[in-house]
Amino acid sequence: MRKVLLFVFTLIAIGAHAQNLNLRINEIIASNNAGAMDDFFETDDWVEIYNPPGSPITNLAGYYLSDDADSLDKWKIPSFDAGVTTILPNNFLIFWIDDDSTQGPDHVGGFTLTSDGEMFLLTAPDAVTVIDSITFGQQGPNVSYGRECDGCANWQFFNNVTFDDNNGEVQTTELVFVNEVQAAQTNYYDDLEGEYDAWIELYNPNTFQVNMANYTITVSGNDPWIVPNDNPYRTVVPPGGFMLVWCDGDVSDDTNHAPITLSAAGGTIEIDGPDGSTIETYNYAQVPNNQSYGRQNDGSVTSIVFPQPTPTVTNSLVFVVPQNLVINELLTANQTDILDNADEHEDWFEIYNPNNFDVNIAGYYFSDNIENPTKWIVSSSFADSVTVPALGWLLLWADDDQEQGVQHANFRLSNNGEYLGFFSPDGFTVVDEIQWGQIDPDTSLGRISDGNWQWVLFSGTTPDASNNAGTVEIKESETTEIFAYPNPVQHTLHFSVEMNVSVYTATGMLIEKHQAAKQIAVSDWSTGVYFLRTDEGRTLRLVKSE
């Protein structure tokens, strides 16, 4: 028996020195928040390595993992526990990409994965030979990206994550509802391209997420459309959540834009599951332009006309006018800036309160996806931690790590250009929003002074402090969207730059035009929703409050 054990350990030792070039990155998940847990009961991201049949027993100690092609030796797999780092032929080995190598040799130090998409590389012990690599795009929650079969060349998304097991997709058919339909609009709710197209809202009544990829949608017997399986970020519907399908034929715009035509005169929408069974048939009626037709309550039997449609949120929405607050500053790539309460360099954004009273933002929402405004709700567990003091600031961390406290959001920010929205407790009314292009690391985007209309880039950041403080090398921001505050507004609306703007009511009536305006008076407007449009066609949804 001792001779057998000695032989096995000899093989392992040989494997540690030989470079097994047959190893393959087999599966990866970069947005794990409800899936497999490590030994510390944490749902961290992970990568699965596969050793094909006929390959030697291999101890990966001394091999390298990295997310940077210019730094192949970013993390060296340690050699102190061969039992954890050895992989048998036709077997798998999981590495947790959590930047916490203190938890064991299978926990990667030095980096984490980003759900925005990046590269991952496995490099041989010579720190030069790349054995395998994969570049992935934006990831959806709890959906893995892996080879169609173990070691195969082609990659696909897996709804049934095959953690430490053979790859293979088994997608079940789940109940979803057509919840609301807007077949004709001119200026109520625009898509990410600023276009007012027809849309269908889907509702997930389940206690678990549903990926609409591979489901089929057919309108009034016309050509069916199969929801693509190439972008779960757009097609995963959270429990009790919603998904918009834009019926505009612009399939190149995004995964949820369909070659579907909705008749303003009404029609029938059918949804079939991946197994071909029909799970929903919904008849929608003709309604006036800019209004919608949908279920009185989410998923209910009775349908009604909505004079004010509720895309992406509950049909039972009670509109809530928020307090006057603004997004004041944000940092999208924190390399050497301030540390959070876990001593980590994470992205952050700052809220400013221009009022002379404190504002508790528990129940408000933040999101990096305008089509999912309720992505993160501010917790009410610790009111002191989410209260913005009068004439003061509140710093929130965009690190996708809610386990670290109520000030940590469930998303990250991208320095390659993204969107950040701040929404009232109704999950729909915009408090403030900002969109940006590329931003250098450790450079923040903020208002030139607290609450000011002008946005600039700060090479010296001012987190949880006044933007009015002396900052060095302030650079003008190149953002070109409509930035206006406050929203909702009572008296005067301010713009970030001078602009020509036209004002429309929710029914599409032009009521005002302004040339080279930095601000406009709105006191005489009726309470409700308005739309501002620039000469370049950019649009902003505005709420006039009482």
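Now for a description of the structure that goes with this document. Bear in mind the structure is a predicted one, so any value in this text is a computation, not a measurement. Residues take numbers from 1 onward in each chain, read along the sequence in its written order. Local features in this predicted model are restricted to residues of pLDDT 70 or higher, and side-chain atom pairs are both shown and tallied only at a pLDDT of 80 or more, whereas totals for entire chains, interfaces and linings draw on every residue. Water and hydrogen atoms were dropped before computing side-chain values, which therefore reflect all heavy atoms in the structure.

Notes on the overall build of the protein chain
Helix and strand labels come from DSSP, where a helix needs a run of H or I of at least four residues and a strand needs a run of E of at least two; each type is numbered from the N terminus. The helix and strand inventory of the protein chain stands at three helices and 40 strands. Taken over C-alpha atoms, the radius of gyration comes to 26 Å for the protein chain, in line with the 24 Å a tight globule of 546 residues would show. For the protein chain, the spread of C-alpha atoms along the principal axes amounts to about 90 × 65 × 40 Å. Exposure categories follow from relative accessible area, calculated using a 1.4 Å probe and restricted to protein chains: below 20% of the type maximum is buried, above 50% is exposed, and the middle band is partly exposed. In the protein chain, which comprises 546 residues, the share counted as buried stands at 53%. Long-range pairs, those at least 24 residues apart, make up 59% of the contacts in the protein chain between residues at least 6 apart in sequence. Accessible area for the protein chain stands at about 22,900 Å²; split by element, carbon and sulfur atoms hold 49% of it. In this count, Lys and Arg are taken as positive residues and Asp and Glu as negative ones, while His and the chain termini are left out. By convention, the point assigned to a charge is CZ for Arg, NZ for Lys, CD for Glu and CG for Asp. Within the protein chain, the 78 negative side-chain charges are centred at a point lying 3 Å from the centre of the 18 positive side-chain charges. What the globule rule says is 2.2 Å times the number of residues to the power 0.38, and the radius of gyration is computed from C-alpha atoms. Here a residue-residue contact requires only that any non-hydrogen atoms of the pair lie within 4.5 Å. Surface exposure here means Shrake-Rupley accessible area, sampled with a 1.4 Å probe, where a residue is shielded only by the protein chains that are shown.

Section: the sheet that holds strand 21 (residues 278-285)
Here, a strand pair is defined by DSSP locating no fewer than two bridges between the strands. In space, the four strands of this open sheet follow the order 16-15-20-21, with antiparallel pairing throughout. With one partner strand each, in any of the chains shown, strand 16 (225-226) and strand 21 form the two edges of the open sheet. The pairing of strand 15 (residues 216-219) with strand 20 (residues 266-272) spans four bridges and is antiparallel. Its bridge partner lying in strand 20, T216 is registered against D272.

Concerning the packing of aromatic side chains
Whether two aromatic rings pair depends on their centres lying within 6.5 Å, for rings of Phe, Tyr and Trp, where Trp uses its six-membered ring; planes under 30 degrees apart make the pair stacked, over 60 edge-to-face, and the rest tilted. Evaluation of the coordinates by the stated rule reveals 19 aromatic pairs. Pairing F177 with Y203 gives two aromatic rings, centres 6.5 Å apart and planes at 15°, and the pair type is stacked. On the criterion of sequence distance, the pair formed by F177 in strand 12 (residues 177-182) and Y203 in strand 13 (residues 199-203) is long-range, its members being 26 residues apart. On the basis of relative accessibility, which here comes to 17%, the residue F177 falls in the buried class. Seen in terms of ring centroids, F366 and W376 are 5.9 Å apart; in terms of plane orientation they differ by 35°. Their pairing is tilted. Placement of F366 in strand 27 (residues 365-367) and of W376 in strand 28 (residues 376-377) is noted, with a sequence separation of ten residues between them. Taken as a pair, F366 and W376 share a single burial class, namely buried. An aromatic cluster of three or more residues is present, and its members are F349, Y364, F366, W376, F411 and F422.

Overview of the pairing of strand 7 (residues 91-96)
Most of strand 7 sits out of view: five of its six residues are buried. Looking at chain direction, strand 2 (residues 46-51) and strand 7 are connected through six bridges and run antiparallel. In the sheet register, N51 faces strand 7, and the bridge partner there is N91.

Details of the pattern of salt bridges
In the sections that follow, a salt bridge refers to a side-chain nitrogen of Lys or Arg positioned within 4 Å of a carboxyl oxygen of Asp or Glu. Inspection of the entire model under this criterion finds seven salt bridges. A salt bridge links R412 to E346; its shortest N-O distance comes to 3.5 Å. Residue R412 is located in the loop between strand 30 (393-398) and strand 31 (418-423), and its partner E346 is located in the loop between strand 24 (326-331) and strand 25 (347-352); the two are separated by 66 residues in the primary sequence. The class of E346 is buried, set by a relative accessible area of 12%. With its nearest N and O atoms 2.8 Å apart, the salt bridge here joins D432 to R447. Pair noted here: D432 is in strand 32 (residues 430-436) and R447 is in strand 33 (residues 444-447), with a separation of 15 residues, a long-range link. Owing to a relative accessible area of 4%, D432 belongs among the buried residues under this scheme.

Regarding the environment of I97
For I97, the location among the structural elements is in the loop between strand 7 and strand 8 (118-123). For I97, a relative accessible area of 2% puts it in the buried group. Put simply, I97 and T112 are 15 residues apart on the chain and 5.2 Å apart in space, counted from C-alpha to C-alpha.

Re the environment of R24
You can see R24 is positioned in strand 1 (residues 24-29). Through-space distance from the C-alpha of R24 to that of N410 is 30 Å; in sequence the pair is 386 residues apart. At a separation of 3.3 Å, a polar atom in the side chain of R24 contacts the main-chain carbonyl oxygen of L21. As used in this structure description, the phrase polar contact means that two N or O atoms lie within 3.5 Å; if the pair is within protein, one of them must be able to donate a hydrogen and the other to accept it, and residues adjacent in sequence are counted only when both atoms belong to side chains.

Some remarks on the side chain of E27
Within the secondary structure, E27 sits in strand 1. Buried charge E27 goes without a salt bridge, the closest partner of opposite sign being R147 at 10 Å. One polar contact links E27 to S144, side chain to side chain, over a distance of 2.6 Å. Only 2.5 Å separates the side chain of E27 from the side chain of T162, close enough to count as a polar contact. Those residues in contact with E27, other than ones at most four positions away along the chain, are W46, V47, E48, S144, Y145, G146, F158, V161, T162, F163 and N167.

A look at the environment of G446
By secondary structure assignment, the location of G446 is in strand 33. For the pair G446 and S31, spaced 415 residues apart in sequence, the C-alpha to C-alpha distance is 28 Å. With residues up to four places along the chain from it excluded, the contact list for G446 reads N328, E329, Q454, W455, V456, F458 and N467.

Some remarks on the state of the cysteines
Cysteine sulfur atoms that pair up within 2.5 Å are treated as a disulfide. A full pass over the atoms with the stated rule returns one disulfide. Here C149 engages in a disulfide with C152; their sulfurs sit 1.5 Å apart. The partly exposed category is assigned to C149, whose relative accessible area is 35%.

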